[in-house]
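# Observations on the three-dimensional arrangement
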Amino acid sequence: MPEIPEPTEGEREEGEGQGQPAGRDEREPQPSDSLRTFGAVVQALREHAGLSRAEFATLVRFSKHTVESVELGRRMPDEDFVERAEDATGNTGALRMAFRRLSRGEPGLAAWFQRWARLEKRALYLSTYECRLVPGLLQSSGYSRVAFGNSIPPLSDQQLEAQVRSRLERQRLIHEHTNVSFSFVMEEFIVRRQLGGPEVTHEQLGLILSLGELRNVTVQIMPTASVEHAGLDGPLALLELPDGKRLAYSEGQKNGRLISEVREVAILHQRYATLRTQALNHDASMSLLREIRRAL
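Please read these numbers as outputs of a predicted model, since none were measured by experiment. (Residues numbered from 1 in each chain as written. Predicted model: local features only at pLDDT ≥ 70, side-chain atom pairs only at ≥ 80, totals over all residues. Heavy atoms only, no water.)

### Some thoughts on the packing of aromatic side chains
The geometry of an aromatic ring pair is captured by two quantities: the separation of the ring centres and the angle between the planes. By the definition in use, this model includes three aromatic pairs. When the ring of phenylalanine 56 is compared with that of phenylalanine 81, the centres are 6.3 Å apart and the planes differ by 70°; the resulting orientation is edge-to-face. Of this pair, phenylalanine 56 sits in helix H3 (residues 53–60) while phenylalanine 81 sits in helix H5 (residues 79–88), and the two are 25 residues apart along the sequence. Overall, phenylalanine 81 belongs to the buried group, its relative accessible area being 1%. Ring centres 5.2 Å apart and planes at 80° place the aromatic pair phenylalanine 62 and phenylalanine 81 in the edge-to-face group. Note that phenylalanine 62 is positioned in the loop between H3 and helix H4 (64–71) and phenylalanine 81 in helix H5, a separation of 19 residues in sequence. Of the two residues, phenylalanine 62 and phenylalanine 81, both sit in the buried class. Aromatic ring contacts, followed pair by pair, group Phe56, Phe62 and Phe81 into a single cluster. (Phe/Tyr/Trp six-rings, centres within 6.5 Å; stacked < 30°, edge-to-face > 60°. Helix = DSSP H or I, 4+ residues; strand = E, 2+ residues; numbered from the N terminus. Buried < 20%, exposed > 50% of the residue type's maximum accessible area, 1.4 Å probe, protein only.)

As C-alpha cells, this is what we get:
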C-alpha cells in the first residue's frame, strides 16, 4: 500500500522564527500511554547519543519546543521527525517501530478518524457523501450534541462535551481555508428527519444554508425519489493533497478505513462524481432546504 503522508513540520509551524509561536494553531493532546512511551524512547536515545535538546533540535530541523513536546508525550510526531531522529540517534529502527504503534489520545476524536482529521488540514479540496446524518463539518452545536447524545452505550457528560467541542473545532477548516473547495452530498431524508426536534432542526438547516452561501462550499441533496444512485455502498470522504496524492476515507460502526491504493481511490472519485450528477444542483438544493425550514 502506498505511503500516506503526514503534515511536514514546515506546514505546521509556518512563521516560526518570525515572532509567531510554533504550532499554536492546534491543541496539544493529553498524553496517551503510547505517546509517553514514544517520547521516553526519543529522550533515551537522544541522551545516549550525548545530545542536548537544543543540539538534537538542530539535527532534526525542528524547534526545541517541538522536541520537548514530543519527549513529554504532548505532541504527535510526524514521519519527518521520526526519520531525522533515527538518523541523529544511530538508525536503530526503534523509533520507526514505536511510531507505527502510536495513538494520539486526543479527546473528542475517534482513534480511527484522527489521521484523516490531520490530513483534512492540508487538503486542496474535500468532498463528502453522507447517508446517515448531517456531515460533521456542517453540524450545528445543538444537532451535534443530540447526535452524540444518542450514542449507545451513553457517553459521560465529559465525553459528550469533548466530542461536541472537537466537532465544532473541525468546522474552522471551512472558514479558515477559504481557498479550499468543500463539496457535500447528503440524502434528502437526513435534512427532513427532525433529530432533536423542530428547534434543533431549524437551527441546523439555518447553518447549512449559511455555509452554503460561502464561495468555497457546495451543498447538494440526493432526492429520496431518485431512481439511480452511485453511493449505495455507504458514506464516503475524499481529498487531494498539495503533492497531488488523492485519498479516501470510509467509516462504519466503530471503525474507519483510510484508503490510499490508487486504483481504489480512483473508483471512489468516479462514484462521487456520478453522485453529484444524480443529486440536485447547489441552487436547487438550497431552495429545498429553505422550503423544509419554512415548513417547520
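Structure's up, so let's keep going.
### Looking at the packing of helix H8 (residues 141–149) against helix H9 (residues 157–170)
Viewed as axis vectors pointing N to C, H8 and H9 meet at an angle of 135°, and their least axial separation amounts to 9 Å. Here H9 runs oblique to H8, going by the angle between their axes. Read as a crossing pair, H8 and H9 show a hand that is right-handed. Facing H8, whose interface residues are Ser141, Ser144, Arg145, Phe148 and Gly149, H9 presents Leu160, Glu161, Gln163, Val164, Arg167 and Leu168. Broken down by class, the residue content of the contact of H8 with H9 amounts to four nonpolar, four polar and three charged. (Axes fitted to C-alpha atoms, helices over the stretch in contact; angles between N-to-C directions. Parallel < 35°, antiparallel > 145°, perpendicular 65-115°, else oblique. Left-handed = near helix turned anticlockwise from the far one by under 90°. Contact = heavy atoms within 4.5 Å. Nonpolar A, V, L, I, M, F, W, Y, C, P; charged D, E, K, R; others polar.)

### Some points on H4
Three or more residues of H4 are buried, namely Thr66, Val67, Ser69, Val70 and Glu71. Trailing H4 by a residue or two, glycine 73 shows a phi angle of about 80°, which is positive.

### Focus on the pairing of strand E3 (residues 217–222)
Most of E3 sits out of view: five of its six residues are buried. As defined by bridge partners, strand E2 (residues 181–187) adjoins E3 across six bridges and the pair is classed as parallel. Looking across to E3, one finds that phenylalanine 184 is bridged to valine 219. (Pairing = 2+ DSSP bridges.)

### Considering the confidence of the model for the protein
Where the model shows low pLDDT, its predicted coordinates should not be examined in detail. When pLDDT is averaged along the protein, the result is 85; 85% of the residues meet or exceed 70. In this model, residues 1–30 is a region of pLDDT below 50 whose contacts with residues beyond four sequence positions or in other chains number 70 contacts. (pLDDT = per-residue confidence, 0-100.)

### A few points about the side chain of glutamine 204
You can see glutamine 204 is positioned in helix H12 (residues 198–212). With residues near it in sequence (within four places) discarded, glutamine 204 still touches Val134, Leu138, Gln139, Ser140 and Tyr143.

### Topic: the nonpolar core
With 36 residues, the main nonpolar core has Trp116 and Phe182 as its most contacted residues. Among the elements that make up this core, the one with the highest residue count is H12 (five residues). Counting 16 residues, the second largest nonpolar core, distinct from the first, contains Phe38, Leu51, Val67 and Leu95. (Core = buried A, V, L, I, M, F, W, Y, C linked by side-chain atoms within 4.5 Å.)

### Here's the deal with the sheet that holds strand E1 (residues 125–130)
The six strands lie next to each other as E3-E2-E1-E4-E5-E6, forming an open sheet whose pairing is mixed. Two strands in the sheet have a free side with no partner beyond their single neighbour: E3 and strand E6 (255–259). Across this sheet, the average inter-strand angle for adjacent strands is 10°, counted without regard to direction.

### A look at unusual backbone geometry
Where the residue is not glycine, phi is negative for most of them; where a peptide bond is considered, it is trans in most cases. Of the consecutive residues isoleucine 152 and proline 153, the connecting peptide bond is found in the cis state with omega at -5°. Positionally, proline 153 belongs in the loop between H8 and H9. Phi at arginine 61 takes a positive value of approximately 60°, unusual for a residue other than glycine. Mapped onto the fold, arginine 61 is located in the loop between H3 and H4.

### Focus: the environment of arginine 290
Relative to the assigned elements, arginine 290 resides in helix H14 (residues 282–294). Taking the C-alpha atoms as reference points, arginine 290 and leucine 205, separated by 85 residues in sequence, lie 7.8 Å from one another. When near neighbours in sequence (up to four residues on either side) are disregarded, arginine 290 contacts Leu209 and Glu213.

### Quick look at H5
The periodicity of an α-helix, 3.6 residues per turn, causes residues three or four positions apart to be oriented the same way. Here H5 lies mainly inside the structure; seven of its ten residues are buried. Considered for burial, the residues of H5 that qualify are Glu79, Phe81, Val82, Arg84, Ala85, Glu86 and Ala88. At the N-terminal end of H5, a side-chain oxygen is found 3.2 Å from the backbone nitrogen of aspartate 80, two or three residues along, and the residue is aspartate 78. After H5 finishes, the residue glycine 90 shows a positive phi value of roughly 100°. (Polar contact = N/O pair within 3.5 Å; in protein donor to acceptor, adjacent residues only side chain to side chain.)

### Overview of the packing of H3 against H5
Contact geometry of H3 with H5 gives a least axis separation of 9 Å together with a crossing angle of 115°. The handedness of the crossing between H3 and H5 is right-handed. Every residue of H5 that contacts H3 at Phe56, Leu59 and Val60 is listed here: Phe81, Arg84, Ala85 and Ala88. In the contact of H3 with H5, the residues fall into six nonpolar, no polar and one charged.

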